[in-house]
Amino acid sequence: MKLYRIVKVAMLALPLVFAACGSHKKTIKTPVSMTPDVRERVNFISSVQKNAQTAKFITSKVKFSVEVGPQKLTLTGNLKMKRDDVIRLQLMAFGFVEAGRIEMTKEYVLIMDRINKQYLKAPWMSVDFLRNSGLNFNTLQALFWNELFMPNLAKTEKISNDSLATFNTIESGDDMIISLEEGKMDYSWLASKQSALIKMANILYKDRFNGNSQLNWDYDQFEKLNKTLYPRKHAITLNTADKEVKLGMTLNYIGADTEWEPRTEISNKYREVTVDEILRRFMAL
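The rules behind each value
- Residues numbered from 1 in each chain as written.
- Predicted model: local features only at pLDDT ≥ 70, side-chain atom pairs only at ≥ 80, totals over all residues.
- Heavy atoms only, no water.
- Buried < 20%, exposed > 50% of the residue type's maximum accessible area, 1.4 Å probe, protein only.
- Helix = DSSP H or I, 4+ residues; strand = E, 2+ residues; numbered from the N terminus.
- Pairing = 2+ DSSP bridges.
- Phe/Tyr/Trp six-rings, centres within 6.5 Å; stacked < 30°, edge-to-face > 60°.
- Lys NZ or Arg CZ within 6 Å of the ring centre and 35° of its normal.

Enquirer: Give me the pairing of strand E10 (residues 198-205): which residues, what numbers.
Expert: Most of E10 sits inside the fold, with seven of its eight residues counted as buried. Across seven bridges, strand E9 (residues 185-192) lies against E10 in antiparallel orientation. The residue bridging Ala191 from the neighbouring strand is Ile198, located in E10. What sits between E9 and E10 in their antiparallel hairpin is a turn of five residues, with Ala196 showing a positive phi close to 60°. One ladder, built from six bridges, connects E10 with strand E11 (residues 213-225); its direction is antiparallel. Considered in E11, the bridge of Asn202 is made with Asn216.

See the structure below:
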């Protein structure tokens, strides 16, 4: 596959993998009575939360694999994350030339095509497939950081004990399934009963007219990072009614490098493109 084709598939597939369709309607939570069963459930979910990373930064070299239908490719790159600030993916060509960049902050989503000197930079709420999904920066951060999340949580909100009680749990062998349902959305996590580590996160959007969409994020090969464990291997699959996109990320040399600029400056040599252009290219694959 030619370099241009590889970069085109990867750059257009990655942001859509992170944007499974769904509902953005806010659900009002009501306090749940803390019966013994509820308290036991909350205690387990709290133990899952305690596995959250204490690191401020996570950085790593990454090997990416991307599958869009019959097309398969592998790329190398970098993952750079700063807690509550930025998630950045850099895609490399030939192992040393940056071909593309995806940067997500609380304020905007930036997609850069270094090969063709094009970019898209837009607030979250102005991008239809992100606004309609109910996914925001906090949700994506939780997926990347291997943590529990609640949809539509405001930027400054944390998950309270009352909110934890709204989750359901059911045993599944050596694991526990944690679930939450909101309207057309089903959220679930598979966590080890022994370690309380999240092995899998799943987001399902139910649409009887256009077909269901599902985002599945598997975690494997945990290693010590700071005081907790972090997965080196991430396997992400997006299924829609007519397309499947798979993204694999294998992290090497996981660290906490702080010597990098968390915001990308865009040269005036780059041409800004629209979301519609990005989507048209993706649908033409």
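Enquirer: Can you tell me about the packing of aromatic side chains, naming the residues and giving the values?
Expert: This model, assessed by the stated rule, comprises six aromatic pairs. Taking 6.0 Å as the distance between ring centres and 85° as the angle between the ring planes, the aromatic pair formed by Phe57 and Trp260 counts as edge-to-face. Taken together, the residues span a long stretch of sequence, with Phe57 in strand E1 (residues 57-68) and Trp260 in the loop between strand E13 (244-255) and strand E14 (271-272) at a distance of 203 residues. Residue Phe57 shares its accessibility class with Trp260, and that shared class is buried. By the ring-pair criterion, three or more aromatic residues cluster together here, those being Phe149, Phe167, Tyr187 and Trp189. Here the guanidinium or amino end of Arg83 rests over the ring plane of Trp145, the centre of that ring lying 4.2 Å away.

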